[in-house]
Amino acid sequence: MLGFTRYVARTGPAKATFVGGLRRQRERRTGFNPHGQLVKALKADVAFHTGGSYLTGVVDLVKPRWKPLYEAVSAGALTYLHSLGDPADVSLAQIREALASVGPLAVKINPHFGLRHADNRREAVRLHFDEQPPTPEVITATLHLMARHMDQILPDAEPVLVDLRRGTTHRIDPGAKTGDVERWLAGEAAAFTAMWTATAA
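Think of each chain on its own: its residues are numbered from 1, step by step along the sequence as written. Under the rules for a predicted model, residues below a pLDDT of 70 receive no local features and side-chain atom pairs below 80 are neither given nor counted, while totals for whole chains, interfaces and linings still include all residues. Each side-chain value is derived from all of the structure's non-hydrogen atoms; neither hydrogens nor water enter the calculation.

A. Expanded view of the environment of Tyr70. Helix and strand definitions here come from DSSP, where helices need a minimum of 4 consecutive H or I residues and strands a minimum of 2 consecutive E residues; each element is numbered from the N-terminal end. Within the secondary structure layout, Tyr70 lies in helix 5 (residues 67–83). The sequence separation of Tyr70 and Arg165 amounts to 95 residues, and the corresponding C-alpha distance is 9.7 Å. Here, residues are in contact when the closest pair of their heavy atoms is within 4.5 Å. Setting aside chain neighbours within four positions, we find Tyr70 in contact with Pro34, His35, Gly36, Gln37, Leu38, Val58, Val59 and Val62.

Put into structure tokens, the structure is as follows:
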């Protein structure tokens, strides 16, 4: 899902360049997720109702090369954590991944965690770590794909995209027409597939 949503945010020749780089990365089996410990710390603060102590401490636990990244992201993560309200009123909820068919493309839908609030509201949360805020295209694609498969991911939950560097939460635009979004995503997926095939030629 990360690769596809990053793709839809690009325009013109940048789309083909991105797909080519993604394919080379896949063929070399390279790629490393530097955010794993931060996600674990955020989930621990939710699970143990600790209000940010794990997020504060994780900055000192990572390797020196990752410290600037963690310092940049942890402040926004704390802002988001505090926006959830009383730590005692929020807990983690079990989520599952889903596999979506978007036109000719298979996309793995993988939120980072689920939340259950004291009033029994549920949220499936996907985190955005990039330096730039998520574009409207990224927000729409991410939330729509999660909503479409919520029965598998976390029944009756609301999809949420959190811009972690800024601590802001994005939700589905109630005015968006599902049919229009589906047609747009199918077109993007078809173009992505064609570019992926072309880079192999």
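B. Inspection of the packing of aromatic side chains at higher detail. Aromatic pairs are defined between Phe, Tyr and Trp rings, using the six-membered ring for Trp, whenever the two ring centres lie within 6.5 Å; interplanar angles under 30 degrees are classed as stacked, those over 60 as edge-to-face, and all others as tilted. Here the structure, examined in full by the defined rule, presents five aromatic pairs. Considering the side-chain rings of Phe4 and Tyr7, the 6.4 Å spacing of their centres and the 20° angle between planes classify their relative orientation as stacked. On the criterion of helical spacing, the pair formed by Phe4 and Tyr7 is a turn pair, its members being three residues apart in helix 1 (residues 2–8). Buried, partly exposed and exposed residues are distinguished by accessible area as a fraction of the type maximum, computed with a 1.4 Å probe on protein chains only: under 20%, between the cut-offs, and over 50%, respectively. Owing to a relative accessible area of 4%, Phe4 belongs among the buried residues under this scheme. Tyr7 sits in the buried class, given a relative accessible area of 0%. Centre to centre, the rings of Tyr7 and Phe192 are 5.1 Å apart; their planes meet at 90°, and the pair counts as edge-to-face. Taken together, the residues Tyr7 in helix 1 and Phe192 in helix 8 (residues 178–200) connect sequence positions 185 residues apart. Overall, the relative accessible area of 7% leaves Phe192 in the buried class.

C. Spotlight on helix 2 (residues 13–28). Working rule for helices: expected span equals 1.5 Å times residues minus one. For helix 2, which comprises 16 residues, the first-to-last C-alpha distance of 23 Å matches the rise-based estimate of 22 Å (1.5 Å per residue) to within 8%. Listed as buried for helix 2 are Lys15, Phe18, Val19, Gly20 and Arg23.

D. Examining the environment of Asp156 more closely. Residue position: Asp156 is located in the loop between helix 7 (150–153) and strand 6 (158–163). Along the primary structure Asp156 and Glu123 are separated by 33 residues, whereas in three dimensions their C-alpha atoms are 8.5 Å apart.

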